[in-house]
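Tertiary structure, described
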Amino acid sequence: MNPQLPEAVLWDMDGTLVDTEPYWMAAEGPLVASYGGVWTHEQALGLVGLGLDDAARLLQGAGVRLAEQQIIDTLTSRVMQSLREDGVPFRPGARELLASLRAAGVRTALVTMSLRRMADAVVELIDFDAFDLVIAGDEATRPKPFPDPYLQACDSLGVDPARTVAIEDSPNGLRSAIAAGTVALGVPHMVSLEGVGAAALWPSLTDTDADDIARLFTAHHEFEDVAR
């Protein structure tokens, strides 16, 4: 079978498209410290890929005496300030792969647990028409690792999840993509993705393009056909 492109490619944002995880961590530590608590690097890693509501509850458990939405708004504002001051730090190869997919006519969606206002700010700083759709954390019926965000994206695009590729950097994100029935591609960044169940793990998106996505998508479906 000749390699075929998926009907859509669904992108996680933080840690996959852009390297904002350090910005989140830089915001979390001082917030916890301002309430007399201690926030370790290991605790920060535990929030990677987690829904903001769940993350806020863990921060409350570390001593932050704010309502969940106040925590979410505070962290989001601080990360957005870092983006304004330091720019959008794309993950290696991510912008180039996204541009290649768009040039090949593949529909794309951004599926993130960040708030819509932050997702929009990142998209606006991309210098080409990058996404057909954005599903943000404050729009998902349930957060990752539930399948809802990816199912919502597929429903809005009118595509079968099995005909899509989802790109993720976190275990929770991968679990969401897998549960939704997408061909889930893991690109680890700050935490290991071994054993989560991705269709493939790539060390990086550097030097990848739409042809590589087509080969991954086709190989996955050929493997499924053989397995049946």
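Naming follows an unreviewed UniProt entry, where the protein appears as HAD family phosphatase of Microbacterium binotii. The Sequence similarities (unreviewed entry) comment attached to the protein in UniProt states, word for word, "Belongs to the HAD-like hydrolase superfamily. CbbY/CbbZ/Gph/YieH family." In the Cofactor (unreviewed entry) part of its UniProt record, the protein is described as follows: "Mg(2+)".

Here the amide bond leading from Lys144 into Pro145 is cis, since omega sits at 15 degrees, within 30 degrees of zero. With respect to the helices and strands, the residue Pro145 is situated in the loop between strand 3 (133-135) and helix 7 (148-157).

Once that is clear, we can look at the environment of Ile167. Along the chain, Ile167 turns up in strand 4 (residues 164-168). Classification of Ile167 by relative accessible area gives buried; the value is 0%. Between the alpha carbons of Ile167 and Val111 there is a distance of 9.6 Å; along the sequence they are 56 residues apart. In this structure, Ile167 is in contact with Val9, Leu10, Trp11, Asp12, Thr16, Leu97, Tyr150, Leu185 and Val187, ignoring residues within four places of it in sequence.

Two elements in contact, helix 1 (residues 21-33) and helix 4 (residues 68-86), have axes whose closest approach is 9 Å; the angle formed by their N-to-C orientations is 130 degrees. As far as their axial angle goes, helix 4 and helix 1 are oblique. For the pair helix 1 and helix 4, the sense of crossing is right-handed. When helix 1 is examined against helix 4, the residues Tyr23, Trp24, Ala27, Glu28, Pro30 and Leu31 are found in contact with a partner set consisting of Ile71, Thr74, Leu75, Thr76, Arg78, Val79, Ser82, Leu83 and Asp86. Here the residues of the contact of helix 1 with helix 4 are counted per class, giving nine nonpolar, three polar and three charged.

Another aspect to go through is the pairing of strand 5 (residues 183-186). Note on strand geometry: in a regular strand, side chains alternate between the two faces of the sheet. Of the two faces of strand 5, the one carrying Val183 and Leu185 and the one carrying Ala184 and Gly186 are both buried. In this structure, strand 4 lies alongside strand 5, joined through four bridges in parallel fashion. Residue pairing across strands places Glu168 opposite Gly186, the latter belonging to strand 5. In this fold, the crossover linking strand 4 to strand 5 by way of helix 8 (residues 171-180) has right-handed handedness. Strand direction decides the pairing type here: strand 5 and strand 6 (residues 200-201), joined by two bridges, are parallel.

For the rest of this paragraph, the subject is the pairing of strand 1 (residues 8-11). Judged by which residues are buried, strand 1 turns out to be covered on both faces: Ala8 and Leu10 on one side and Val9 and Trp11 on the other are all buried. Here four bridges tie strand 1 to strand 2 (residues 107-111), and the two strands are oriented parallel to one another. Bridged to Trp11 within strand 2 is Leu110. Of the pairings in the sheet, the one linking strand 1 to strand 4 comprises four bridges and is parallel in character. Within strand 4, the position partnered with Trp11 by the bridge is Ile167.

Parameters and conventions
Residues numbered from 1 in each chain as written. Predicted model: local features only at pLDDT ≥ 70, side-chain atom pairs only at ≥ 80, totals over all residues. Heavy atoms only, no water. UniProt positions renumbered as here; feature names shortened; annotations may be inferred. Helix = DSSP H or I, 4+ residues; strand = E, 2+ residues; numbered from the N terminus. Buried < 20%, exposed > 50% of the residue type's maximum accessible area, 1.4 Å probe, protein only. Contact = heavy atoms within 4.5 Å. Axes fitted to C-alpha atoms, helices over the stretch in contact; angles between N-to-C directions. Parallel < 35°, antiparallel > 145°, perpendicular 65-115°, else oblique. Left-handed = near helix turned anticlockwise from the far one by under 90°. Nonpolar A, V, L, I, M, F, W, Y, C, P; charged D, E, K, R; others polar. Pairing = 2+ DSSP bridges. Right-handed = clockwise from strand over helix to strand, strands pointing away.

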